[in-house]
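Overview (structure and organization)
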Amino acid sequence: MTEHQSSHLTAEIIDEAIRELHSIHDWLRWSVSQFNKAHIYFGHGTDNPWDEAALLLAHSLDIARISENLLPLRITSTEAKVFCDLLLQRIEQRIPAAYLTQQAFFCGLSFYVDERVLVPRSPIGELISRSFEPWFKEHEPARILDLCTGSGCIAIACAKQFPNAEVDALDISEDALDVAIFNIEQHELEYQVFPMLSDGYNAIKGQTYDLIVTNPPYVDAEDMADLPDEYHHEPELGLASGHDGLELTRRILAQAVEHLNDGGWLICEVGNSMVALQELYPDLPLQWLEFERGGLGVFAISKADLVKHQHSLEA
């Protein structure tokens, strides 16, 4: 345990809380104070200590969520002990809440997650909820590729949004694919979403799509060294992508043309590496997207524009 993680939550403090705190509201208020003292990082499903504590407490009580009408209700000492155990893991080990509950939400859907996959949090979810308008305003995509699928959340959300579409879900990690397969089965989409082990596009030679959606690893070497401890519970394979964060993105762009149908689109997230990407391809007409619920570093580009700039992408 590093110095800044040394637990201030001693057995005496926890015993005092169990004796003196009674209602759900009491426990949430107390938990927020503990999180604030510990200076933990939020960003794996929540962005504040109240929501993080509410997730863990709901899980401890085996209820879907903490609604306002539940706040005055009391919890038992046994329930409190279960909750305190989760708080200790969250504070001492910096484990994101989603891994402690093994559940994350994306596009309003519930997904199983563990440390074999990244915690779903991509702003691409907002694009899925809007049916990828304006790019598919006149017609829906019939074939969709989710490249670097991880937990399968993007592929599954796309399948729910476009029930007539066929969705391929590719990942280089067998461990990640095992999680994706579990989620596909949980959402009963075995006949619509097809998981495949693949390094980039290798497993789909000759296959073409109306839409390629990808949230590849894009963290550069400098940012990897500075990530909060919570990120080190996530698979490095899903985060790191070379010195500039673009090792895989360069391949995705260079080979996208041969996997897109005419009129097709590539949607890709590169996060903070967007600056490096713009410097690398200054003439490439990437459409950088804005999001109502926050997020940056996601671009859209048409097959037609990729064809025009194919020479520079292959250089």
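Residues numbered from 1 in each chain as written. Predicted model: local features only at pLDDT ≥ 70, side-chain atom pairs only at ≥ 80, totals over all residues. Heavy atoms only, no water.

You'll find the protein chain entered in an unreviewed UniProt entry as Ribosomal protein uL3 glutamine methyltransferase, with Rheinheimera tangshanensis given as the organism. For the protein chain, the Sequence similarities (unreviewed entry) comment in UniProt is given as "Belongs to the protein N5-glutamine methyltransferase family. PrmB subfamily." (UniProt positions renumbered as here; feature names shortened; annotations may be inferred.)

**Some words on the pattern of salt bridges**
The full count for this structure, using the stated rule, is 12 salt bridges. Arginine 121 serves as the salt-bridge partner of glutamate 234, at 2.9 Å between the closest nitrogen and oxygen. With a gap of 113 residues between them, glutamate 234 in the loop between α9 (221-226) and α10 (247-255) and arginine 121 in the loop between β2 (109-111) and α6 (124-129) connect regions that are remote in the sequence. Assessed through its relative accessible area of 5%, glutamate 234 is described here as buried. Exposure remark for arginine 121: the relative accessible area of 31% places this residue in the partly exposed category. A salt bridge links arginine 143 to aspartate 168; the shortest N-O distance between them is 3.3 Å. Here the residue arginine 143 occupies a position in strand β3 (residues 143-147), and aspartate 168 occupies one in strand β4 (residues 166-171), the gap between them amounting to 25 residues. Accessibility expressed as a relative area gives 5% for aspartate 168, which makes it buried. (Salt bridge = Lys/Arg side-chain N within 4 Å of Asp/Glu carboxyl O. Helix = DSSP H or I, 4+ residues; strand = E, 2+ residues; numbered from the N terminus. Buried < 20%, exposed > 50% of the residue type's maximum accessible area, 1.4 Å probe, protein only.)

**Observations concerning the packing of aromatic side chains**
Across all of its chains, the model carries 8 aromatic pairs by this definition. Ring geometry for tyrosine 41 versus tyrosine 231: centroids 5.5 Å apart, planes at 45°, classification tilted. One end of the pair, tyrosine 41, is in the loop between α2 (24-38) and α3 (49-61); the other, tyrosine 231, is in the loop between α9 and α10, with 190 residues separating them in the sequence. Among the aromatic residues, those joined into a cluster by ring pairs are Trp27, Trp30 and Phe83. (Phe/Tyr/Trp six-rings, centres within 6.5 Å; stacked < 30°, edge-to-face > 60°.)

**Considering the side chain of aspartate 210**
With respect to the helices and strands, aspartate 210 occurs in strand β6 (residues 209-214). Here aspartate 210 occupies a buried position and makes no salt bridge, while the nearest side chain of opposite charge, arginine 143, is found at 7.0 Å. Among the polar contacts listed, one links the side chain of aspartate 210 to the backbone nitrogen of alanine 142, at a separation of 2.8 Å. Beyond its immediate stretch of four places on either side in the chain, aspartate 210 contacts Phe136, Pro141, Ala142, Arg143, Leu260, Asn261, Gly264 and Trp265. (Lys, Arg positive; Asp, Glu negative; His and termini not counted. Polar contact = N/O pair within 3.5 Å; in protein donor to acceptor, adjacent residues only side chain to side chain. Contact = heavy atoms within 4.5 Å.)

**Side note on the environment of histidine 309**
Relative to the helices and strands, histidine 309 resides in the loop between α12 (303-308) and α13 (310-314). Expressed as a C-alpha distance, the spacing of histidine 309 and tyrosine 281, which sit 28 residues apart in the sequence, is 9.5 Å. Discounting chain neighbours no more than four positions away, the residues touching histidine 309 are Asp283, Leu284 and Pro285.

**Looking at the domain arrangement of the protein chain**
Partitioning the protein chain into domains gives domain 1 (11-101) and domain 2 (114-314). In this complex, domain 1 contributes 11 residues to the contact, which on the side of domain 2 involves 13 residues. Roughly 1,000 Å² of surface becomes buried between domain 1 and domain 2 when both sides are summed, with 64% attributable to carbon and sulfur atoms. When the buried surface of domain 1 facing domain 2 is broken down by residue, Tyr41, His44 and Tyr99 rank first, second and third, together holding 63% of it. Scanning the region where domain 1 abuts domain 2 turns up 1 salt bridge. Put simply, arginine 90 and glutamate 230 hold a salt bridge, and the shortest N to O gap is 3.0 Å. Residue classes in the side of domain 1 that touches domain 2 are distributed as 6 nonpolar, 3 polar and 2 charged. (Domains from an automatic or database assignment. Buried area = accessible area lost by both parts, 1.4 Å probe. Nonpolar A, V, L, I, M, F, W, Y, C, P; charged D, E, K, R; others polar.)

**Description of the sheet that holds strand β5 (residues 193-197)**
Judged by pairing direction, the sheet is mixed, and its 7 strands sit side by side in the order β5-β4-β3-β6-β7-β9-β8 without closing on themselves. In this open sheet, the two strands that pair with only one neighbour each are β5 and β8 (287-288). In this sheet, strand β9 (residues 298-302) lies alongside strand β7 (residues 260-269) in antiparallel orientation, the contact comprising 5 bridges. The residue of β9 that forms the bridge with tryptophan 265 is serine 302. On the sheet, α10 packs against β3, β6, β7 and β9 and is oriented at approximately 170° with respect to β7. (Pairing = 2+ DSSP bridges. Axes fitted to C-alpha atoms, helices over the stretch in contact; angles between N-to-C directions.)

**Some points on the environment of alanine 38**
Position of alanine 38 among the secondary structure elements: in helix α2. Relative accessible area serves as the criterion here: at 5%, alanine 38 is assigned to the buried category.

**Some remarks on the UniProt feature "domain: Methyltransferase small" (unreviewed entry) in the protein chain**
In this structure's numbering, the residues bearing the UniProt feature "domain: Methyltransferase small" (unreviewed entry) are residues 137-223. Within residues 137-223, the helical portion is 29% and the strand portion 25%, while the C-alpha atoms at the span's ends are 37 Å from each other.

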